[in-house]
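A closer look at the structure
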Amino acid sequence: MADKIKDAKIIFVVGGPGSGKGTQCERIVAKYGYTHLSSGDLLRAEVASGSDRGKQLQAIMQKGELVPLDTVLDMIKDAMIAKADVSKGFLIDGYPREVKQGEEFEKKIGKPCLLLYVDAKSETMIKRLLKRGETSGRSDDNEETIKKRLDLYYKATEPVIAFYESRGIVKKVDSELPVDEVFVQVSQAIDSLKP
Ligand SMILES: Nc1ncnc2c1ncn2[C@H]1C[C@H](O)[C@@H](COP(=O)(O)OP(=O)(O)O)O1
Ligand SMILES: [Mg+2]
């Protein structure tokens, strides 16, 4: 089972909150048939289930903090195994949030062939998140939590990008542009992957 996943293409999609990761992943799924796994969506599904674990997660996420590493990784791995037979590749959206998470992922699952860095300015991200918050129902899309999430992003997640730069697998896309134009850059990055 784990072998099947190891042979699959794995793409890490990294960027700040509201940078446009989910939006671009949706496009990738439509064009390339990859499986999209958003760590945040998996966690929010657990919260919605009302389980005890979900209740603990809810409290952490509401504060804008990171959920324990093993919890997220197990959820991603289970979701990958469930799709291993039908998937051409995996988009791992919003993970790793810190370098350690990337290291653990590689130990337990496999190596990414690409890190797609969805880059936007912090003012842009704040504006988009506040707008998204009007309809998303996400308890972390409020001004106070957004600020904490951004701080944590710059402190913990930007080092992830530097870590994979050194391996030469980072492709940065300019997510200040309209969605379609960002996707042109995304497509170029994916098309340049070796088969
Ligand atoms: N390139 C772009 N231009 C304008 N708005 C964008 C955009 N990419 C995403 N958005 C909008 C859609 C959402 O309401 C909001 C956040 O996007 P998202 O895909 O949910 O971000 P993320 O998954 O990185 O948190 O911004
Ligand atoms: Mg998202």
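Owing to the predicted nature of the structure, the values given are computational and were not obtained by experimental measurement.

**Concerning the overall build of the protein chain**
Broken down by element type, the protein chain carries nine helices and five strands. Mapped in sequence order, the helices and strands of the protein chain form the string α-β-α-β-α-α-α-β-α-β-α-α-β-α. Computed over C-alpha atoms, the radius of gyration of the protein chain comes to 16 Å, within 12% of the 16 Å expected from 2.2 N^0.38 for 195 residues, which places it in the range of a compact globule. Across the 195 residues that make up the protein chain, the buried fraction comes to 47%. In the protein chain, once contacts between residues fewer than 6 apart in sequence are set aside, the share between residues at least 24 apart is 77%. Counting every atom, the protein chain has about 10100 Å² of accessible surface; 51% of that belongs to carbon and sulfur. Each charge class in the protein chain was averaged separately, 32 positive and 31 negative side chains, and the resulting centres sit 2 Å apart.

**Overview of the sheet that holds strand β1 (residues 9–15)**
Strand order in the open sheet formed by five strands is β2-β3-β1-β4-β5, with parallel pairing between adjacent strands. The open sheet has two edge strands, β2 (35–38) and β5 (170–174), and neither has a second partner. Strand-to-strand twist in this sheet, taken as the mean axis angle between neighbours without regard to direction, amounts to 20°.

**Some remarks on the packing of helix α6 (residues 99–108) against helix α8 (residues 143–165)**
Where α6 meets α8, the axes come as close as 8 Å, and the angle between the chain directions of the two elements is 50°. Between α6 and α8, the angle is such that the two are oblique. When α6 is examined against α8, the residues V99, G102, E103 and E106 are found in contact with a partner set consisting of A156, P159, V160, F163 and Y164. The class makeup of the residues in the contact of α6 with α8 is six nonpolar, one polar and two charged.

Rules used throughout
- Residues numbered from 1 in each chain as written.
- Chains lettered and ligands numbered in written order.
- Predicted model: local features only at pLDDT ≥ 70, side-chain atom pairs only at ≥ 80, totals over all residues.
- Heavy atoms only, no water.
- Helix = DSSP H or I, 4+ residues; strand = E, 2+ residues; numbered from the N terminus.
- Rg over C-alpha atoms; globule rule 2.2 N^0.38 Å.
- Buried < 20%, exposed > 50% of the residue type's maximum accessible area, 1.4 Å probe, protein only.
- Contact = heavy atoms within 4.5 Å.
- Areas by Shrake-Rupley, 256 points an atom, 1.4 Å probe, with all protein chains shown as cover.
- Lys, Arg positive; Asp, Glu negative; His and termini not counted.
- Charge placed at Lys NZ, Arg CZ, Asp CG, Glu CD.
- Pairing = 2+ DSSP bridges.
- Axes fitted to C-alpha atoms, helices over the stretch in contact; angles between N-to-C directions.
- Parallel < 35°, antiparallel > 145°, perpendicular 65-115°, else oblique.
- Nonpolar A, V, L, I, M, F, W, Y, C, P; charged D, E, K, R; others polar.

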